[in-house]
Amino acid sequence: MSKPTPIWTLTCLTLTLTLLLILSLSIHAIASEEDELGDLEELLAIDEEAEAEGQGGSRTTEAADVVTKAQRIVIELNSENTRRVIDGNEFVLVLGYAPWCVRSAEMMPKFAETANALKETGSPLLLAKIDAERYPKAASALGIKGFPTLLLFVNGTSQAYNGGFSAEELVIWARKRTGVPVIRLSSVDETKEFTANYRTFLVGLFEKYEGTDYEEFRKAAVADNEIQFVETSDIEVARVLYPDLKSPNQFLGIVKSEPEKYVAFEEHFEKDKILNFLEYNKLPLVNVLTELNSVKVYSGPVKLQVFVFAEADEFKNIRSTLQEVAAKFKSKVMLIYVDIKEDNLAKPFLTLFGLEESDEAVIVAAFDNKANSKYLLESDPTPSNLENFCLGLERGTLSQYYKSQAIPDNNVAVVRTVVGKTFDDVVLKSSQNVLLEVHAPWCIKCEEMSKQVEKLAKHFKGLNDLIIARIDASVNEHPKLQFGHFPFYEMEQESVQSLLPALYEMNELALHLYHEISSS
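- If you check an unreviewed UniProt entry, the chain appears there as protein disulfide-isomerase from Stephania cephalantha.
- The UniProt entry for the chain carries the following comment under Subcellular location (unreviewed entry): "Endoplasmic reticulum lumen".
- UniProt, in the comment section headed Catalytic activity (unreviewed entry), describes the chain in these words: "Catalyzes the rearrangement of -S-S- bonds in proteins."

Quick notes on the overall build of the chain
Then, number 1: The secondary structure content of the chain amounts to 20 helices and 19 strands.
Then, number 2: For the chain, long-range pairs separated by at least 24 residues make up 71% of all intrachain contacts whose partners lie at least 6 apart in sequence.
Then, number 3: Carbon and sulfur atoms make up 51% of the accessible area of the chain, which totals about 29300 Å².

A look at the side chain of Thr178
Then, number 1: Topologically, Thr178 is positioned in the loop between α7 (167-177) and β6 (182-184).
Then, number 2: Taking the relative accessible area as the measure of exposure, Thr178 reaches 12% and is therefore buried.
Then, number 3: At 2.8 Å, the side chain of Thr178 forms a polar contact with the backbone oxygen of Ala174.
Then, number 4: Excluding residues within four positions of it along the chain, Thr178 makes contact with Phe91, Ser123 and Leu125.

Regarding the sheet that holds strand β4 (residues 149-154)
Then, number 1: The strand order across the open sheet formed by five strands is β1-β3-β2-β4-β5, and the pairing between neighbours is mixed. In the strand order of this sheet, the two ends are held by β1 (75-77) and β5 (157-160), each with one partner. Strand-to-strand twist across the sheet, computed as the mean angle between neighbouring axes with direction ignored, equals 30 degrees.
Then, number 2: Two strands pair when backbone bridges link them, and strand β2 (residues 91-97) and strand β3 (residues 126-131) are joined in this way by six bridges, in the parallel orientation.

So, the nonpolar core
Then, number 1: Within the largest apolar cluster, 36 residues are counted, with the highest numbers of intra-cluster contacts made by Leu125, Leu127, Phe194, Phe201 and Leu241.
Then, number 2: Of all the elements in the fold, those that place two or more residues in this core are β2, α5 (102-120), β4, α7, β7 (201-205), α10 (235-241) and β9 (251-255).
Then, number 3: Each residue touching Leu125, except ones within four places of it in the same chain, is listed here: Phe91, Val92, Leu93, Leu118, Leu152, Ala174 and Thr178.
Then, number 4: Ranked by size, the runner-up nonpolar core spans 24 residues in total, among them Ala310, Ile318, Val362 and Leu393.

Comments concerning the packing of aromatic side chains
Given two aromatic rings, their pairing is described by the distance between the two centres and the angle made by the two planes.
Then, number 1: According to the stated counting rule, one finds 24 aromatic pairs in the structure shown.
Then, number 2: Both rings, one in Phe217 and one in Phe229, keep their centres 5.4 Å apart while their planes meet at 50 degrees; by these two values the pair is tilted. With Phe217 in helix α9 (residues 212-223) and Phe229 in strand β8 (residues 228-232), this pair connects stretches of sequence that are 12 residues apart.
Then, number 3: Judged by relative accessible area, Phe217 falls into the buried class, the value being 0%.
Then, number 4: A relative accessible area of 0% means that Phe229 is categorised as buried.
Then, number 5: Taken together, Phe206, Tyr209, Tyr214, Phe217, Phe229, Phe265, Phe269 and Phe277 form an aromatic cluster joined through their ring pairs.
Then, number 6: Stacked on the ring of Tyr209, the Lys or Arg Arg184 has its end atom at 3.7 Å from the ring centre.

Looking at the packing of α5 against α7
Then, number 1: For the pair α5 and α7, interaxial distance at closest approach is 8 Å and the crossing angle is 50 degrees. Our classification of the angle between α5 and α7 gives oblique. Considering the relative orientation of α5 and α7, their crossing is right-handed. Judged by residue contacts, Met107, Lys110, Phe111, Glu113, Thr114, Ala117 and Leu118 of α5 engage Ala167, Leu170, Val171, Ala174 and Arg175 from α7.
Then, number 2: In terms of residue class, the contact of α5 with α7 is made up of eight nonpolar, one polar and three charged.

What to know about a negative patch on the surface
Then, number 1: Taken together, Glu120, Asp189, Glu190 and Glu193 make up a surface patch of like negative charges.
Then, number 2: When residues in the negative patch are grouped by element, the largest group, three residues, is from helix α8 (residues 188-197).

Structural notes on the environment of Asn81
Then, number 1: Among the structural elements, Asn81 can be located in the loop between β1 and α4 (82-87).
Then, number 2: The spacing of Asn81 and Ala138 is 57 residues in sequence and 9.4 Å in space, taken between C-alpha atoms.
Then, number 3: Within the structure, Asn81 has its side chain in polar contact with the backbone oxygen of Glu76 (distance 3.3 Å).

Here we look at helix α11 (residues 271-281)
Then, number 1: Along α11, the residues that are buried comprise Ile274, Phe277, Leu278 and Asn281. Within α11, the buried residues cover an arc of 95 degrees as seen down the axis, which keeps them to one side.
Then, number 2: Looking at the packing, one finds that the buried side of α11 touches β7, α9, β8, β9 and β10 (262-264).

Quick look at the pattern of salt bridges
Then, number 1: Taken as a whole and judged by the stated rule, the model has 22 salt bridges.
Then, number 2: Among the salt bridges present, the one from Lys296 reaches Glu226, with a minimum N-O distance of 3.6 Å. Highlighted residues: Lys296 in helix α12 (residues 294-298) and Glu226 in the loop between α9 and β8, separated in sequence by 70 residues.
Then, number 3: According to the relative accessible area criterion, Lys296 is partly exposed, its value standing at 22%.
Then, number 4: Exposure remark for Glu226: the relative accessible area of 17% places this residue in the buried category.

Re the pairing of β3
Then, number 1: Burial analysis of β3 places six of its six residues in the buried class, the great majority of the element.
Then, number 2: Residue alternation in β3 divides its side chains into two sets, Leu126, Ala128 and Ile130 and Leu127, Lys129 and Asp131, and both sets are buried.
Then, number 3: Where β1 and β3 come together, three bridges link them in parallel fashion. What sits directly across from Leu77, in β3, is Ile130.
Then, number 4: Crossover handedness for the path β2 to α5 to β3: right-handed.

Quick word on unusual backbone geometry
Then, number 1: The residue after Phe147, namely Pro148, is reached through a cis peptide bond having omega -15 degrees.
Then, number 2: With respect to the helices and strands, Pro148 occurs in the loop between α6 (136-142) and β4.
Then, number 3: One non-glycine residue, Ser331, lies in positive phi territory at about 70 degrees.
Then, number 4: Along the chain, Ser331 turns up in the loop between α13 (312-328) and β13 (334-339).
Then, number 5: Phi is positive for Asn372, close to 55 degrees, though the residue is something other than glycine.
Then, number 6: Checked against the element boundaries, Asn372 lands in the loop between β14 (362-368) and β15 (373-376).
Then, number 7: With a relative accessible area of 73%, Asn372 lands in the exposed category.

Rules used in this analysis
Residues numbered from 1 in each chain as written. Predicted model: local features only at pLDDT ≥ 70, side-chain atom pairs only at ≥ 80, totals over all residues. Heavy atoms only, no water. UniProt positions renumbered as here; feature names shortened; annotations may be inferred. Helix = DSSP H or I, 4+ residues; strand = E, 2+ residues; numbered from the N terminus. Contact = heavy atoms within 4.5 Å. Areas by Shrake-Rupley, 256 points an atom, 1.4 Å probe, with all protein chains shown as cover. Buried < 20%, exposed > 50% of the residue type's maximum accessible area, 1.4 Å probe, protein only. Polar contact = N/O pair within 3.5 Å; in protein donor to acceptor, adjacent residues only side chain to side chain. Pairing = 2+ DSSP bridges. Axes fitted to C-alpha atoms, helices over the stretch in contact; angles between N-to-C directions. Core = buried A, V, L, I, M, F, W, Y, C linked by side-chain atoms within 4.5 Å. Phe/Tyr/Trp six-rings, centres within 6.5 Å; stacked < 30°, edge-to-face > 60°. Lys NZ or Arg CZ within 6 Å of the ring centre and 35° of its normal. Parallel < 35°, antiparallel > 145°, perpendicular 65-115°, else oblique. Left-handed = near helix turned anticlockwise from the far one by under 90°. Nonpolar A, V, L, I, M, F, W, Y, C, P; charged D, E, K, R; others polar. Patch = residues over 30% accessible without salt bridge, like charges linked within 9 Å, V, L, I, M, F, W, Y side chains within 5 Å. Salt bridge = Lys/Arg side-chain N within 4 Å of Asp/Glu carboxyl O. Lys, Arg positive; Asp, Glu negative; His and termini not counted. Charge placed at Lys NZ, Arg CZ, Asp CG, Glu CD. Arc of directions from axis to C-beta. Right-handed = clockwise from strand over helix to strand, strands pointing away.

Shown next, in the form of structure tokens:
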């Protein structure tokens, strides 16, 4: 048999490649005609098949497998399919993220868990995500401006996400926005399954699912974004949900996974009263501050807030004491724990008190967010001192805290250093005229102006009725220290006038400073 000629070989190769290309294009055309979202049921079937093959393997990766499985039912949006996905589905919850964003990385597994949980409940909500850095135009068209961003699209129209950021809170918010504001429970078995999945919820016991009280309950369920509402007409189911239930009559109460586990609603069934009850009772007695819950904590209705800064191990030792104190001031004073090792959370607060470098094991501070004032517990944080501190905050009898450096030695200083603790004596109560320079270490202009002040102080060193001083306003405060910029010079106008003859005898530098004083 003769060997094929080179031309014949090349022809066969060309024909083969052509057929492969046609076949590839045909498959692509068929695929493009189908829904590009894919068949979610098929994806789940593949997962189940893979699970069946590996049943004999280790169970240690079960949690990771659940997340991986869930991630496969979250649609990945891009420039081509975004509009089709949004317009082709009644409900779509979109997560806009960036690969380098830490908060996005924290959100991704929670979003995947949410997808899995909603799939199991038969929710019509489709979850999708988009890499806003890779597809900036598509992300911008959706209204994604930061990372991570969550948006709910209902028939193509977006709604901002305003729920919590745990998987449970995401599920609750999603179900409420897609027409399931209340879960109805009828058996003890399904109730036990419910309590295994939800840590915080509001339970309503009704003889019948009708009437004015029930309607107000449903209205509150629709209006609330964070708490799962659950209803039942079975007293045994109600007691599984709320073991402290005493009466079989109509009832409403909140359940939480903390020492204050059960709180009963004791007012008339009105939507606004139910929502107000939730607002004051949904958070723990002692809130552990995190970046995810910080907005919820700050924006709560309780504006008197006591912050306890300590390391995690120390917090374990004092947690029961904090719980007891918090219970006594519930709805009046909020107690918040901050891990002092978490710089992003603790340092901004501690800096306000000049305590960012403190080596105290426990620091207790307070804020009145209505009066914009701050306070510091300057005694040991014993239970009685902590309780008295909260009581003083509630009654408005605490002295406001103004940070101050240690009192300096000014015996040989040409320019006196004033601190918060000496402002009254040196500046306000002095019988002499005082020219005060207000500066900050980070102020670029302050360094040069401080040199001018020192020259001025040397020029007037023998003048007995004039004190030239300076205060670092970045670490010293006083209620009457008011200024609008750095550097700043403060002097009573009549004092300037009294010094006028001497000022005119000064050199050009001093005259320039006089004009600076007069203009300020």
